[in-house]
Each structure stands twice: as structure tokens, then as C-alpha cells.
Amino acid sequence: MNQFLQTVSQQKGEILQAIFEHLSMSLLALLIAVLIAIPLAILVAHRRRAAGILLQVTGVFQTIPSLAILGLLIPFVGIGVVPTIIALIVYALLPIFQNTYVGLAEIDPALLEAADAFGMRRYQRLIRVELPLALPVIISGIRTALVFIIGTATLGGLIGAGGLGTFIMSGLTNYNYNLVLIGALGSALLAIVFSSLLGYLSKRRPRVAIGILVLLALVIGGVNLAQSDLFDSSAKSKETIVISGKLGTEPNILDNIYAGLIKEYDPNVKVTLKENLGNTTFLFSALKDGKVDIYPEFTGTVLESLVKTPKSIADKNLSANETYENGKKLLSEQFDMTYSKPSEFQDTYAIAVKTSFAKKYHLKTIADLAKVEDTAKVAFDAEFMARSDGFAGLKSTYGLDFSKVSTVDNSLAYPAINSGKADIIDVYSTDSGIKRYGLTVLTDSKHLFPKYQAAPLMKTSFADKNPEIVNILNKLNGKLTDEQMRTMNYQVDVQHKTAQEVATQFLKSEGLVK
């Protein structure tokens, strides 16, 4: 408890900012959903067939997994706040539309006939009779949608939208469960407070309710404007460079190393960090769409997942330099991208088991897993499951056919194997969790996993416009050893230092910044 309170105290500024970001996204999405769903429900309130179709459509929206919606939106609207708000609107439509339709459709026909008898026109009857009678049911739908939205908005942390989801993602990747708790509790409290507020306002006079809502909108909007760069003249005069990275401790550290270097050598640019942006697919799409300027990509991932690799090199056991040079050439030819020079460390995929498990079944190499393929509980990351050098490679290269395989995010795989829920997991060779949880890495005797060196990836148009940035980042070429990377991962994951802190320490120790 003391550690939790200490974390809250240390990060109170970031928490406050995240709360307002979370509220801004949630309330804007709710407002747009209300403006769409209520008029639609009014339009079809007395057309049962049309209402049935719209209920089916909004119901289907509700069943689409939120991650799938974000994945589908990114190619069209990029990353950040916009796709998050669109996803939230999609989820909010059903409860608002459904309750509004039900509220209007179930009004006693005798009351409507009475209104007609008084000579009311259609819009007069709607405003003076139908909507007031249906209002409690409509408000109930809006409250349900609000709870959905505030809970779902945490996914915005996956694609750089900010909000309380950032704490959850950061906590999961760094094994800092105090941060996870801050994000989860914050989101739950916001849902309770604002749902109760809507319930309170629904019982007040319309003028009072509208006045309070307008005041609330002004406060939240004002805080967001103050947090933005709109009134920062120094920020406006600088070029902004967006650096991002995948979900995980190591990409997070690399992002901060890139940012620290650029800030040191080119004070005329403003560097914006968007950390923990999901997996390779999310990030590469964001780079292609210009939503991100630079992110660290691994040479093995380039050849295995991003480019179409010619058959002449696909089955070769390439050296580290050959992997980088081929990736650089193919990225330039196929995507018009520039791949800067790589750092020294290798962070390839590896297969790990608990040391006690390895001793019990005499496991030393990946091929030895054939002894336990019928009984072992296997947990692989979703990206590893989908890659040719991942689960498919284990089957084709080693002939392994596990009978119990689950998909578990890399950040949760270590707790899973530590608690006995999994026996075999995929890891990255520089993960701190290997040492922390006493795991044994099995030897890749058939060289399934390619070489993985990290290097800054950017569009060639950006590199041509900013040659000095490319030169600055090339200072990392040949630096960052395996041991240095493992140590920094350990400092963040276990000692709970910030990625920025360990990145700065590294840059100073190498004499790259003062």
C-alpha cells in the first residue's frame, strides 16, 4: 500500500494529465454518439422494421473486438486520439439507440392521441410529450454508454492516445503493478463519478443540468488547451519529430535514447514521444501514414514480417550484417524507407522454460521439446504465433507439434510461467525476466531465429528533409551491447526506474550527452 501511495505521489502530475485526456476522449465520443443515436431512434421510433435493422447493425458493432476496430481504423486515420474516439462512438451507439427507441416506442398511445387532440404538430408532440416521457429511459442508456466508453478508452494507451490506459500499458510492460492499479482504479472511479453525475442531473431542472454540463465542458476543455502547445510560442517555432516504439520495456528505452540524442544535438526541434504503440503492424502502419517519424525496428523483423524477401535469401542463414543490409535494401525498394545503422546488441527470439522444468525433462535445446510436446503447457505471444520464424518455424524446422498452446501477451508470459500456468514461453534474449524468474533459454541448434539488431526506421522523405537527424542517430551504430541492454531492462522492470532515467544514464556513460 505504501508503495502504491508513493507511486501516486511521484506521478501525480502525469495522473492528472491522463485523467483529463481520458475524460476529453470519453465525453467527446459520448456527445457524438448521442448526436447520432438519438436522432436515428426518433426517426425510426414508429417504424418497427427499420428500427429492427438498426438495432441489428449497432448490435453487430458491439460484438467487434476493440483491438480489431483499432487495427482496421489505423490504415485510414492513423494512430492517436481520432481512431480511439471513433472506436468509442461505435461501442456507445447500441445502448443509446436502443434505450431511446424503447423509451419512445413504449409511450402509452392514449397520451399521443391526447396530444394530437390538442392540435399539436409532430415536432411539438415530440418535444413536449414524447421526449419528456422517454427521458428517464434515454438517460439510462446514456449512463450505460458512458460506463462502456470510460472503460474502453483505456485501449487508447495502446495507440498513443494518452489517458489512463497509458498507465496500464506501462505497468504491464514494466511489471509495475502499481501503475496498472492507478490506471484501472482511475478508470473505474471516473465511470462511477460521471454515471452518478448524470443520474443527479437527470433529476434537476433542465436549465440547471445544462448549466452544469456547460461548466464541466469549459473546465475540461480549458485544461486540455492549457496542456496543449497551442499557446506555447516556443513550441510553435520548432519542428516536431514524433518518435514511437512497440509495446515493451526495451522499445521504451530505445525511444528515450533516440529522443535524448536528438534533443542534445539539435535543440531546434521538439521531440514528442508516443511510447508502447502495440505491435509491429500498428507501428509500421503509423510510420507509413506519417503519424510517426521514427521508431526502432529489428533487422530480423524487417526480413520476416515487413518486406517480401526474395527466395535467394529467404532460406539462407544470414550474418547480422547481411540481415541488416538486405533489410535496408528491401525497405528502400518496397516502401521508400530509410533504415539507419544498427546498434550492437542482439535481441532475437528465444524459447525459455523454468530451470526446474529443464532439469526434470533434460531439456537443453529446442529440439529436446519433442519429449514434452504432448503434455507441456505452451504460452506464446500473438505476434510470435503469427510469424514464420515463430510458432510456424518451430513446426517446420523442429517438427514440434504441441497439444496445448495458448496465446498470451509477452508482458504476461513471465507471471504465467512463474505461477505454473505455462511451462514453455517465447522470450526476447535480452529480457530481464529470464534472470528475474530463473528461466533456462534453450539452444536454437538449427538456427531458426534470425539476427535481431535494433536500428531507427523512418520514411526516406523524412530522412532527406532531416539529414542531421540521421547523422545524430548514427552515433548509436556499434554501441549498446547485450549486457548493457539486459542491465537497462532489469533496471526498469525490476528496480522500477523510468525508461527516460536509464536512457539518460546510458547516454552519459557513453559520452553522447553531457
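Here the structure is a predicted model, which means the values were calculated and not measured. (Residues numbered from 1 in each chain as written. Predicted model: local features only at pLDDT ≥ 70, side-chain atom pairs only at ≥ 80, totals over all residues. Heavy atoms only, no water.)

Examining the sheet that holds strand β3 (residues 295-298)
Next, step 1: Spatially, 3 strands are ordered β3-β10-β4 in an open sheet, and the strand pairing comes out antiparallel. Only two strands of the sheet have a single neighbouring strand rather than two, namely β3 and β4 (337-339). Here the average twist between neighbouring strands, direction ignored, is 40°.
Next, step 2: Across 4 bridges, β3 lies against strand β10 (residues 454-459) in antiparallel orientation. In the sheet register, Y295 faces β10, and the bridge partner there is L457.
Next, step 3: Along the sheet, helix α14 (residues 299-306) contacts β3 and β4; its crossing angle with β3, the most-contacted strand, is approximately 75°. (Pairing = 2+ DSSP bridges. Helix = DSSP H or I, 4+ residues; strand = E, 2+ residues; numbered from the N terminus. Axes fitted to C-alpha atoms, helices over the stretch in contact; angles between N-to-C directions. Contact = heavy atoms within 4.5 Å.)

Some details on the side chain of R125
Next, step 1: Tracing the backbone through its elements, the reader meets R125 in helix α7 (residues 122-152).
Next, step 2: Judged by relative accessible area, R125 falls into the buried class, the value being 11%.
Next, step 3: Polar side-chain contacts of R125 include one of 3.2 Å to the side chain of D116.
Next, step 4: Those residues in contact with R125, other than ones at most four positions away along the chain, are H46, L112, A115, D116, M120 and E130. (Buried < 20%, exposed > 50% of the residue type's maximum accessible area, 1.4 Å probe, protein only. Polar contact = N/O pair within 3.5 Å; in protein donor to acceptor, adjacent residues only side chain to side chain.)

So, the packing of helix α2 (residues 12-44) against helix α9 (residues 177-201)
Next, step 1: Here α2 crosses α9 at 50°, and the two axes come no closer than 11 Å. As far as their axial angle goes, α9 and α2 are oblique. Two packed elements cross with a definite hand, and for α2 against α9 that hand is right-handed. Residue-level contacts link I15, I19, H22, L23 and L27 of α2 to I182, S187, L190 and F194 of α9.
Next, step 2: When grouped by side-chain class, the residues that make up the contact of α2 with α9 number 7 nonpolar, 2 polar and no charged. (Parallel < 35°, antiparallel > 145°, perpendicular 65-115°, else oblique. Left-handed = near helix turned anticlockwise from the far one by under 90°. Nonpolar A, V, L, I, M, F, W, Y, C, P; charged D, E, K, R; others polar.)

Concerning the domain arrangement of the protein
Next, step 1: When the domains of the protein are assigned, the result is domain 1 (1-227), domain 2 (240-337 + 459-510) and domain 3 (349-442).
Next, step 2: For domain 1 and domain 3, the distance between their C-alpha centres works out to 41 Å.
Next, step 3: Contacts between the two partners involve 4 residues from domain 1 and, on the opposite side, 7 residues from domain 3.
Next, step 4: Across the domain 1 to domain 3 interface the summed buried area is about 440 Å²; carbon plus sulfur atoms make up 56%. (Domains from an automatic or database assignment. Buried area = accessible area lost by both parts, 1.4 Å probe.)

Topic: the pattern of salt bridges
Next, step 1: Inspection of every chain in the model, using the stated rule, returns 9 salt bridges.
Next, step 2: Close ionic contact of R122 with E130 constitutes a salt bridge, the shortest N to O distance being 2.8 Å.
Next, step 3: Classification of R122 as partly exposed rests on a relative accessible area of 41%.
Next, step 4: For E130, a relative accessible area of 1% puts it in the buried group.
Next, step 5: Two residues, E483 and R486, come together in a salt bridge whose shortest N-O distance is 3.8 Å. Within this pair, E483 and its partner R486 are both found in helix α24 (residues 482-493), separated by 3 residues, close to a single helical turn.
Next, step 6: Judged by its relative accessible area of 33%, R486 falls in the partly exposed class.
Next, step 7: Through salt bridges with shared partners, a single network forms among D116, R122, R125 and E130. (Salt bridge = Lys/Arg side-chain N within 4 Å of Asp/Glu carboxyl O.)

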